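Reading the structure
In case you want the letters, here they are:
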Amino acid sequence: MQEGTNARVLFTHRFLFRLALAAGNVFAWVIVFRMFFIATDTVEMALAGTAALYVLSQVVTFILTPLTGMALRRGVRRALILGTLAAVGSYGFFATVFLAQPDDRVFWIIATFAVTIGIHRALYWIPYKAAEAEVVERSPHALVREAMVALVPAGAGYMLATLENGLLVLFSSVSALMLVSALVVARIPEKYESFDWTYRETIRELTARGNHLAVGLFILDGIQGATLLLIWPLAAFLVLGQSFQLLGAVLTATLCVAFLGRYVTRYFLRTLGVARSPGVLATIVFSGWMFRLAAGTPVQLLAVDIFYNSGASPRRFSIDTYGFEQAADGGHFIDEYTVVKEMGLCVGRIAVCVLFITLLATTAESLAFAAAIFTAAAAAAWSVFLAHKLEKVL
C-alpha cells in the first residue's frame with residue numbers, strides 16, 4: 001500500500017475518532033461530575049471527586065507510557081488498534097452508568113472509565129508525518145469535515161437533554177464510532193519503531209538537566225490541556241445552570257466562529273509584522289485565559305471562548321481542541337522523546353488538578369476555578385517564551 005494511501009486511511013481513522021471524541025470527551029467528565037453531585041449534593045465535593053478521577057487516569061497514563069513506547073517495537077499499528085479498542089471499551093462501559101442503580105456500582109463504573117481512558121492515552125500513538133497529514137487536510141472536503149466535527153457537541157448536548165436514555169445512546173454511539181475507526185486503521189500495514197531506552201532511562205531523561213526546557217514546555221502544555229478540557233468545561237457547565245444542551249451549543253458555536261477568527265487574528269498579526277513576536281503572542285494567550293474569569297452568562301462564555309480559540313496555538317491541528325493532545329509529537333514519527341513529551345503532559349495535568357482539588361478543600365469553588373484559570377494563563381504565556389527559547393537552542 002502506498003504511503004499516500006496509508007496517510008489517507010490514518011486520516012479517515014482520525015476523523016472518525018475525532019467525531020467520537022467531540023461527542024464523548026468533555027461530556028463524559030461533565031457527567032462524572034453530575035453523578036458525584038447527585039450522590040453528595042455538594043458542588044465542591046463533586047468537583048474534587050471528578051478531578052481526582054482525572055488524576056487517576058493521568059497517573060495510569062504516566063506509568064504505562066514508557067512501557068507502551070517499548071511495545072512499539074512489536075508494531076505501531078498493533079498499539080494504535082489496542083489504544084482505540086481501549087477507548088471503545090471505556091466509553092462502552094461508561095454507557096452502562098444509565099443502567100446501573102444508584103449504589104456502589106456507579107462509582108466503580110466511572111472509576112473503571114478513568115483507568116481505561118488512561119490506558120487508551122498510553123497506547124494511542126499516531127505515527128504519521130505532519131506533511132502527509134497536511135496534504136489530506138487541505139483537500140476540498142476539509143472544511144466540510146471540520147464543520148461536521150464542530151456540530152457534534154451541540155448534537156450530543158441535545159441528545160443528553162432530550163432523550164430519556166440519552167446517556168446510553170450517546171456513549172454507545174461514541175463507542176461504536178470508535179470501533180469503526182479501529183476497523184479502518186486495521187487496513188494499513190504494520191510499522192515498527194525502535195525504542196532504545198529502558199523504563200529507568202526514560203525516567204532519567206524526563207528529569208535530565210539537558211531536557212529541562214523541552215520538558216518544562218510539555219508540563220506547561222499539560223496544565224493548559226487539563227484546564228481547557230476538564231476544569232473550564234465544568235465551570236461553564238455550572239454557569240449554564242448544569243444544562244447539557246446549552247453547553248453543547250456554546251461549544252459548537254465556539255468551534256464554528258473560531259475557525260474564521262483564527263484566520264483573522266493571524267492576518268492582522270502578519271499585517272502588523274508581529275506574528276512571531278513572543279511578547280505579543282504571550283499577551284494574546286494570557287488575556288484569552290484571563291477573560292474567562294469575567295464570563296457569567298452564555299453570551300459571555302461564547303465570547304471568551306471565541307477570543308481564546310481565535311488566538312490559540314498554531315500547534316493545534318484543527319478547530320476542535322479535543323484532537324490536540326491525541327497526536328504524537330505534532331504528527332511526526334514516534335521516538336523516545338515523544339514518550340518524554342507524553343509523560344511531561346501528564347505531569348502538568350496532574351499538577352493543575354492537584355492544585356484545584358487542594359483549593360476546593362480549603363477555599364470557595366469560585367476561587368479554585370479562578371486559581372486554575374490564572375495558572376493556565378500563566379502557563380500559556382510562559383510556554384510562548386519557552387518555545388521561542390527552545391527554537392533558538394535547536
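Residues numbered from 1 in each chain as written. Predicted model: local features only at pLDDT ≥ 70, side-chain atom pairs only at ≥ 80, totals over all residues. Heavy atoms only, no water.

1. With respect to the overall build of the protein
Across its full length, the protein holds 14 helices and 0 strands. Shown N-terminal to C-terminal, the secondary structure of the protein runs as helices and strands in the order α-α-α-α-α-α-α-α-α-α-α-α-α-α. By the burial criterion, 54% of the 394 residues in the protein qualify as buried. Taking the contacts inside the protein whose residues are at least 6 apart along the sequence as the reference set, 83% of them involve residues at least 24 apart. Accessible area for the protein stands at about 17,000 Å²; split by element, carbon and sulfur atoms hold 67% of it. (Helix = DSSP H or I, 4+ residues; strand = E, 2+ residues; numbered from the N terminus. Buried < 20%, exposed > 50% of the residue type's maximum accessible area, 1.4 Å probe, protein only. Contact = heavy atoms within 4.5 Å. Areas by Shrake-Rupley, 256 points an atom, 1.4 Å probe, with all protein chains shown as cover.)

2. Details of the packing of helix α11 (residues 278–290) against helix α12 (residues 298–310)
Interhelical geometry of α11 versus α12 gives an angle of 160° and a closest axis separation of 9 Å. When the axes of α11 and α12 are compared, the pair comes out roughly antiparallel. Between α11 and α12 lies a crossing whose hand is left-handed. For the pair α11 and α12, the contacting residues are I284, S287, G288 and W289 in the first and V304, F307 and Y308 in the second. (Axes fitted to C-alpha atoms, helices over the stretch in contact; angles between N-to-C directions. Parallel < 35°, antiparallel > 145°, perpendicular 65-115°, else oblique. Left-handed = near helix turned anticlockwise from the far one by under 90°.)

3. Digging into the packing of aromatic side chains
All chains considered together, the criterion is met by 18 aromatic pairs. Ring geometry for Y91 against F171: centres 6.2 Å apart, planes inclined by 5°, an arrangement best described as stacked. With Y91 in helix α3 (residues 76–95) and F171 in helix α7 (residues 166–185), this residue pair connects regions lying 80 residues apart in the sequence. The pair formed by Y91 and F171 is uniform in burial state, with each residue classed as buried. Among the aromatic residues, those joined into a cluster by ring pairs are W29, Y54, Y91, F94, F113 and F171. It is R292 that lies over the ring of W289; its NZ or CZ is 4.6 Å from the centre. The ring of Y308 is capped by R292, whose NZ or CZ atom sits 4.5 Å from the centre of that ring. (Phe/Tyr/Trp six-rings, centres within 6.5 Å; stacked < 30°, edge-to-face > 60°. Lys NZ or Arg CZ within 6 Å of the ring centre and 35° of its normal.)

4. Digging into the packing of α3 against α7
For the pair α3 and α7, interaxial distance at closest approach is 8 Å and the crossing angle is 170°. Relative to α7, the element α3 lies roughly antiparallel. Along this stretch, α3 crosses α7, giving a crossing that reads as left-handed. Residues R77, L80, I81, T84, L85, A87, V88, Y91, G92, F94 and A95 of α3 form the contact with α7, whose own contacting residues are L167, L168, F171, S172, V174, S175, M178, L179, S181, A182 and V185. When grouped by side-chain class, the residues that make up the contact of α3 with α7 number 16 nonpolar, 5 polar and 1 charged. (Nonpolar A, V, L, I, M, F, W, Y, C, P; charged D, E, K, R; others polar.)

5. What to know about the confidence of the model for the protein
Confidence in the prediction for the protein averages 85 pLDDT; 86% of positions are at 70 or higher. This model gives residues 314–333 a pLDDT under 50, and the stretch forms 72 contacts once residues within four places in sequence are excluded. (pLDDT = per-residue confidence, 0-100.)

6. Some words on a nonpolar patch on the surface
Residues L82, L85, L179 and L183 make up a contiguous nonpolar surface patch of about 350 Å² in total accessible area. Tracing the backbone through its elements, the reader meets L82 in helix α3. A residue is classified by how much of its surface remains accessible, and L82, at 38% relative accessible area, is partly exposed. (Patch = residues over 30% accessible without salt bridge, like charges linked within 9 Å, V, L, I, M, F, W, Y side chains within 5 Å. Salt bridge = Lys/Arg side-chain N within 4 Å of Asp/Glu carboxyl O.)

7. Some words on the environment of V285
Summarising the element assignment, V285 is placed in helix α11. According to the relative accessible area criterion, V285 is buried, its value standing at 15%. Separated by 22 residues in the primary sequence, V285 and F307 place their C-alpha atoms 9.3 Å from one another.

8. Some details on the pattern of salt bridges
Taken as a whole, this structure holds 3 salt bridges when the rule is applied. Here E342 makes a salt bridge to R121, at a shortest N to O gap of 3.2 Å. In this pair, E342 is assigned in helix α13 (residues 336–362) and R121 in helix α4 (residues 104–123), connecting sequence segments 221 residues apart. Its relative accessible area of 9% is what places R121 among the buried residues. Residues D305 and R292 are paired through a salt bridge, measuring 2.6 Å at the closest nitrogen-oxygen approach. Separated by 13 residues along the polypeptide, D305 in helix α12 and R292 in the loop between α11 and α12 bring together distant segments of the chain. According to the relative accessible area criterion, D305 is buried, its value standing at 6%.

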